[in-house]
Amino acid sequence: MSKKAAFTSDLDFCPECGSILPLPGLENVVTCRNCKYQIDVIEFDGVEIHSKVTFNKRENKSVPQTEEEYTGPTADRKCAKCGNEGMIFTTRQTRSADEGQTVFYTCPVCRAQETEYS
């Protein structure tokens with residue numbers, strides 16, 4: 001059934017093209033999805049397959065409650081809500097790379113947020 005392979009490898013990989021092979025199923029052969037190379041399932045006899053699912057722990061992101069918790073660089077910008085002079089800012093590239101970055105401002109006094117697309 002299986003023809004002579006181009007190179008030798010683990011049974012996890014296709015010996016013809018190097019792609020990851022699917023797990024053996026009910027068919028008599030395991031067929032590479034990339035190059036259609038076929039391996040007889042008898043070659044997988046005695047091979048144990050172990051898998052484990054691990055979930056990441058949830059992170060509780062808390063919103064800062066006091067003025068001291070709002071830290072970061074400040075900009076000379078007046079808050080439109082409370083009139084405080086000086087807002088904390090962060091920048092992110094939210095659009096394509098050839099466009100300007102987005103600046104997010106937060107007032108440390110009233111927690112008002114503003115966005116500027118530059």
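Residues numbered from 1 in each chain as written. Predicted model: local features only at pLDDT ≥ 70, side-chain atom pairs only at ≥ 80, totals over all residues. Heavy atoms only, no water.

K.L.:
How should the overall build of the chain be read in this particular structure?
P.N.:
On a plain count of helices and strands, the chain comes out with zero helices and six strands. Helices (α) and strands (β) of the chain occur, in sequence order from the N terminus, as β-β-β-β-β-β. Within the chain, the fraction of its 118 residues that count as buried is 20%. In the chain, the proportion of contacts linking residues at least 24 apart, taken out of those at least 6 apart, comes to 24%. Of the roughly 9600 Å² that the chain leaves accessible, carbon and sulfur atoms contribute 48%. (Helix = DSSP H or I, 4+ residues; strand = E, 2+ residues; numbered from the N terminus. Buried < 20%, exposed > 50% of the residue type's maximum accessible area, 1.4 Å probe, protein only. Contact = heavy atoms within 4.5 Å. Areas by Shrake-Rupley, 256 points an atom, 1.4 Å probe, with all protein chains shown as cover.)

K.L.:
Explanation requested: the pairing of strand E5 (residues 102-106) in the structure shown.
P.N.:
Along a regular strand, successive side chains alternate from one face of the sheet to the other. Among the five residues in E5, four count as buried, and that is most of the element. Bridging between strand E4 (residues 85-92) and E5 involves five bridges; their strand directions are antiparallel. What sits directly across from Thr90, in E5, is Phe104. As judged from the five bridges shared by E5 and strand E6 (residues 113-117), these two strands associate in the antiparallel manner. Each bridged residue has a counterpart across the sheet, and for Tyr105 the counterpart in E6 is Glu114. The hairpin turn running from E5 into E6, its antiparallel successor, is six residues long, and Arg111 in that turn takes a positive phi close to 65°. (Pairing = 2+ DSSP bridges.)

K.L.:
I'm lost on unusual backbone geometry in this one. Help?
P.N.:
Phi is mostly negative for residues that are not glycine, and the peptide bonds are mostly trans. The phi dihedral of Lys36 falls on the positive side, at around 70°, and the residue is not glycine. Looking at where Lys36 falls in the secondary structure, it is placed in the loop between strand E1 (29-31) and strand E2 (38-40). Take Lys36: its relative accessible area is 56%, and that puts it in the exposed class. Positioned with a positive phi, Arg111 is a non-glycine residue whose angle comes to about 65°. By the element assignment, Arg111 lies in the loop between E5 and E6.

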